[in-house]
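# Breakdown of the fold
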Amino acid sequence: MRDVAVVSYAQSPAQRDAGGTTDVEMLVPVIDRALADAQLTRKEIDFICSGSCDYLAGGAFSFVMAVDALGATPSAQESHVEMDAAWALYEAWLKFQCGEIDVALIYGFGKSAPGDLPDVLSLQLDPYYTQPLWPDSISLAAIQAQMALAKGCFTERDMAEVVAASRRNAIHNPAAQLKGEFDVSDLLKEETFVSPLRKHDCCPITDGCSVLILASAEKARALCERPVWLRGINHRMESHFLGTRDLTTSTSTMKAAETLKLDGDKLDVAELYAPFSHQQLILQQSLKLTDNTRVNPSGGALAGHVLMAAGLDRFGAAAREIWSGRADRALAHATSGPCLQQNMLAILEGA
Amino acid sequence: MKLPEPREAVDRPIYLRYRYRASEQANRFLHAIKKGKILGVRSVGTGKVLVPPPGVCAESGTLTPQDLIELPDRGTVLSFTIVHLPIPNSRLKPPFVVANILLDGADQAFSHIISEAELKRVVIGTRVRAHWKPEAEWDYGLENIEYFVLTDEPAVDIEQHRALRLEEAARHA
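In what follows, the accompanying structure is described. (Residues numbered from 1 in each chain as written. Chains lettered and ligands numbered in written order. Predicted model: local features only at pLDDT ≥ 70, side-chain atom pairs only at ≥ 80, totals over all residues.)

## Let's talk about the overall build of chain A
When helices and strands are tallied, chain A shows twelve helices and twelve strands. At 19 Å, chain A has a C-alpha radius of gyration in line with the 20 Å of a compact globule built from 351 residues. By residue count, 56% of the 351 residues in chain A fall in the buried class. Here the contacts in chain A between residues at least 6 apart in sequence split such that 79% fall between residues at least 24 apart. (Helix = DSSP H or I, 4+ residues; strand = E, 2+ residues; numbered from the N terminus. Rg over C-alpha atoms; globule rule 2.2 N^0.38 Å. Buried ≥ 20, exposed ≤ 12 C-beta atoms within 10 Å, placed from the backbone. Contact = placed C-beta atoms within 7 Å.)

## Considerations on the interface of chain A and chain B
In this complex, chain A contributes 22 residues to the contact, which on the side of chain B involves 19 residues. Counting residues per element, the ones that place at least two in the side of chain A that touches chain B are α1 (23-37) and α5 (117-120) of chain A. Among the elements that take part in the side of chain A that touches chain B, α1 of chain A stands out by supplying three residues, more than any other. Residues of the side of chain A that touches chain B, tallied by class, amount to nine nonpolar, eight polar and five charged. (Nonpolar A, V, L, I, M, F, W, Y, C, P; charged D, E, K, R; others polar.)

## Description of the sheet that holds strand β11 (residues 329-336) of chain A
By way of backbone hydrogen bonds, the strands of a sheet pair with one another, either parallel or antiparallel. Residues and elements named next belong to chain A. Ordered by their spatial adjacency, ten strands build an open sheet running β3-β2-β4-β7-β1-β8-β12-β11-β9-β10, and the pairing between neighbours is mixed. Edge positions in the sheet fall to β3 (78-81) and β10 (294-295), since each of these pairs with one other strand and no more. In terms of strand pairing, strand β1 (residues 4-11) meets strand β7 (residues 207-216) through seven bridges, oriented antiparallel. Bridge pairing in β7 places A5 opposite A215. Along the sheet, helix α4 (residues 85-97) contacts β1, β2 (47-51), β3, β4 (103-111), β7, β8 (228-237), β11 and β12 (342-349); its crossing angle with β2, the most-contacted strand, is approximately 155°. (Pairing = 2+ DSSP bridges. Axes fitted to C-alpha atoms, helices over the stretch in contact; angles between N-to-C directions.)

## Brief notes about the sheet that holds strand β2 (residues 49-50) of chain B
Residues and elements named next belong to chain B. The antiparallel open sheet is built from three strands, whose spatial order is β2-β1-β5. The sheet is open, and its two borders are formed by β2 and β5 (69-71), each paired with just one other strand. Alignment of strand β1 (residues 38-42) against β5, held across three bridges, turns out to be antiparallel. Counted as the bridge partner of L39 is E70 from β5.

## Some details on unusual backbone geometry
Here the bond from S195 of chain A into P196 of chain A is cis, since omega is 5°, no more than 30 degrees from zero. Summarising the element assignment, P196 of chain A is placed in the loop between β5 (192-194) and β6 (197-198). Following V51 of chain B, the chain continues into P52 of chain B via a peptide bond in cis, with omega recorded as -10°. Tracing the chain through its elements places P52 of chain B in the loop between β2 and β3 (56-57). For K261 of chain A, which is not glycine, the phi torsion reads 50° and is therefore positive. Structurally, the position occupied by K261 of chain A is in the loop between α10 (251-259) and β9 (269-271). Overall, the presence of 8 C-beta atoms within 10 Å leaves K261 of chain A in the exposed class. Unlike most non-glycine residues, K288 of chain A shows phi in positive territory, near 55°. In this structure, K288 of chain A sits in the loop between α11 (277-287) and β10. A count of 13 C-beta atoms within 10 Å places K288 of chain A in the partly exposed class.

## A short note on the environment of R42 of chain B
All names here are of chain B. If you trace the backbone, R42 turns up in strand β1. Spatially, the C-alpha atom of R42 lies 7.5 Å from that of I69, the residues being 27 residues apart in sequence. Residues contacting R42, with those up to four places away along its chain left out, are G47, V49, I69 and H172.

## Regarding the pairing of strand β6 (residues 74-83) of chain B
Residues and elements named next belong to chain B. Taken together, the three bridges between β6 and strand β9 (residues 127-132) define a ladder with antiparallel strand orientation. In the strand pairing of β9, R74 is matched with R129. Bridge analysis of β6 against strand β7 (residues 96-103) gives eight bridges, and the strand direction is antiparallel. Paired with V83 across the two strands is F96, which belongs to β7.

## Quick word on helix α7 (residues 156-170) of chain A
Its 15 residues give α7 of chain A an end-to-end C-alpha distance of 21 Å, which sits within 8% of 21 Å, the value for a rise of 1.5 Å per residue. Taken together, the buried positions of α7 of chain A are occupied by M159, A160, V162, V163, A165, S166, R167, N169 and A170 of chain A. (Expected span 1.5 Å × (residues − 1).)

## Section: the packing of α4 of chain A against helix α12 (residues 310-323) of chain A
Residue and element names in this part refer to chain A. The N-to-C vectors of α4 and α12 enclose an angle of 65°; their axes lie 5 Å apart at closest approach. Relative to α12, the element α4 lies roughly perpendicular. Note on element contacts: α12 touches α4 through G311, L312 and F315, opposite A85, A86 and L89. Along the lines of polarity and charge, the residues of the contact of α4 with α12 split into five nonpolar, one polar and no charged. (Parallel < 35°, antiparallel > 145°, perpendicular 65-115°, else oblique.)

## Topic: the packing of α7 of chain A against α11 of chain A
All names here are of chain A. Between α7 and α11, whose axes approach to 8 Å, the crossing angle comes to 100°. The angle between α7 and α11 places the two elements in the roughly perpendicular class. Contacts between α7 and α11 involve D158, M159, V162 and V163 from the first element and S277, H278, Q280 and L281 from the second. Class assignment of the residues belonging to the contact of α7 with α11 gives a composition of four nonpolar, three polar and one charged.

Printed below as a string of structure tokens:
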């Protein structure tokens, strides 16, 4: 395996609505910042890979136009996934393993404000039996939460504690959308939104983008004082058909952890991509995390959720913990699909 | 067991509503063209004048400035093709010409239609000017120009023109 490291990461502020600012206009300053931190120019990037979904803003070909932000003329080596940019990072990692590249720029972006996101997301369901019923993403997550609560996996108070911790951690994250001190008892007094979920159990709708730069070992040491090494990466998926899955646990996460020989007890930090509070609890249980691990010091997706970049943000947030010296070993997790259908795990280390 | 008669189709309608907003540059361009003016923008990365004005210069990956440049409605044919199919709802009868037109003072061509009875008169380098729809019909779009027509000017040497444009862009980069 070729050693690959995260050498730079930048994100836009998480905004509820970016207005008329286009994806490509949002990306330019963030790309500029990520490149400047690694003292790179656009021409020194071997491979560009992005994650986005044109259904979010309803603009066809927005992923093609986004390449304009890279000044990709006369040509560039580029690819795109219709998934969270964490999967774009995975594609780039494979290209490193093929020995084809030394520097890759990965970006994810999303403008969810122009559409009705929970309904848009029902289009990712099977088009024959499930999608025609238009189950929105919040209702499906609520069904999952209901099952896990009934089974006794956790309580509504545990869910509220996840929310309070997310917003408290986000106080230190300048890019976060929702932050502050919240009392768990007060959160529990709020009415249910889609039972058993309260509004605060659901991630916000966010416009924004993120950029992360990967480099091979030789390059990484020159570009970054403390490269964050990608020690293992694995992703697994479960059936698209919700009725065949046990929604109260995350078997794909467990399988990925097993493949990576992950010891949940030996992580300083875990950045988990949980769009709903109960999903963070399901992930923590599936990963067997203990009190030794700080979960989502960035605030996580509940504090700001740029769909298609939120998974890449977990890599970025975990890397920041290592760059700052607050952590030596971190887990980055990304998810995609309804009710944690697909899950990716990566181990990041400072040395 | 006998299977039911196969159906040729079932309805699975999908409706999604979007609150689309034009970008700042598109907004400026569309408001100007409503008044019969064409706006472009000079890239700070390359010095080239781009029309319609994008928010980002694709060649350099830089944001374009807010100050736009008004361009004349005259230009030069960079390339063309003769179309023998009618355009729905168009007053133009085939055959007509679709051309890549480079407006004077611009470095990026756009496609539009040329109306000309003598098709053989259109060559690469032919000078053209806009034929606008009646002002009462102007809306927020490039279709306010109904088509381009040939001017009396002689055709220009495209390679020479391109070289001059690149020199000018370099002065502004």
